[in-house]
Amino acid sequence: MDNAYIVPEGALPPQEVRITNLKAEAYPDGRRVRITIELSPFQQRPNLTAAIFTPSGQEVAAASIVEAMTYRMTFTMHLRSVPPSGVYRLHVNVTYPEIGEVAQAEADFETHGEG
């Protein structure tokens, strides 16, 4: 299997890559969150970091994606503890080792604790 990234037509250089869609949806169990991230098509594979914060600002989940293979991603993040109900915040950074951060975005979502 070839792991080469096929550059799509209209792909952007690293400094122009942006997050075009970011969504976080809590599962009914209150312990998992479905994350959807869409980036502008890219020429070089970026790194992403995602973190979820409680309403008081405490980090309760984190994930890293090294050299993303596609510009549309969906994955599940697991919260470290059973969260109380409230509005949580997902924060995502897009970076390249050579130039650092090129984009960031946030999305709020509500959890109803353990269901």
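Note: the structure precedes this text.
Just so it is clear, the model here is predicted, and its values are computed rather than measured. (Residues numbered from 1 in each chain as written. Predicted model: local features only at pLDDT ≥ 70, side-chain atom pairs only at ≥ 80, totals over all residues. Heavy atoms only, no water.)

Q: How would you sum up the pattern of salt bridges? Please name residues and give values.
A: It is possible for side chains bearing opposite charge to pair when their charged atoms get close. Enumeration according to the criterion identifies 6 salt bridges in this entry. Between Glu67 and Arg45 there is a salt bridge, with its nearest N and O atoms 3.1 Å apart. Pair noted here: Glu67 is in the loop between strand 4 (59-65) and strand 5 (72-78) and Arg45 is in the loop between strand 2 (32-39) and strand 3 (47-53), with a separation of 22 residues, a long-range link. The residue Arg80 makes a salt bridge to Glu59 at a minimum N-O spacing of 3.4 Å. Linking Arg80 in the loop between strand 5 and strand 6 (86-96) with Glu59 in strand 4, this pair joins segments that are 21 residues apart in sequence. The exposure class assigned to Arg80 is exposed, which follows from its relative accessible area of 54%. The class for Glu59 is partly exposed, based on a relative accessible area of 34%. One network of salt bridges, with partners in common, ties together Arg89, Glu106 and Asp108. (Salt bridge = Lys/Arg side-chain N within 4 Å of Asp/Glu carboxyl O. Helix = DSSP H or I, 4+ residues; strand = E, 2+ residues; numbered from the N terminus. Buried < 20%, exposed > 50% of the residue type's maximum accessible area, 1.4 Å probe, protein only.)

Q: Describe the sheet that holds strand 6, with residues and values.
A: Across the sheet, which stays open at both edges, the 4 strands sit in the order 4-3-6-7 with antiparallel pairing between neighbours. This sheet does not close on itself; its edge strands, each paired only once, are strand 4 and strand 7 (100-111). In this sheet, adjacent strand axes meet at a mean angle of 15° when their direction is disregarded. Taken together, the 6 bridges between strand 3 and strand 4 define a ladder with antiparallel strand orientation. In the sheet register, Thr49 faces strand 4, and the bridge partner there is Ser64. (Pairing = 2+ DSSP bridges. Axes fitted to C-alpha atoms, helices over the stretch in contact; angles between N-to-C directions.)

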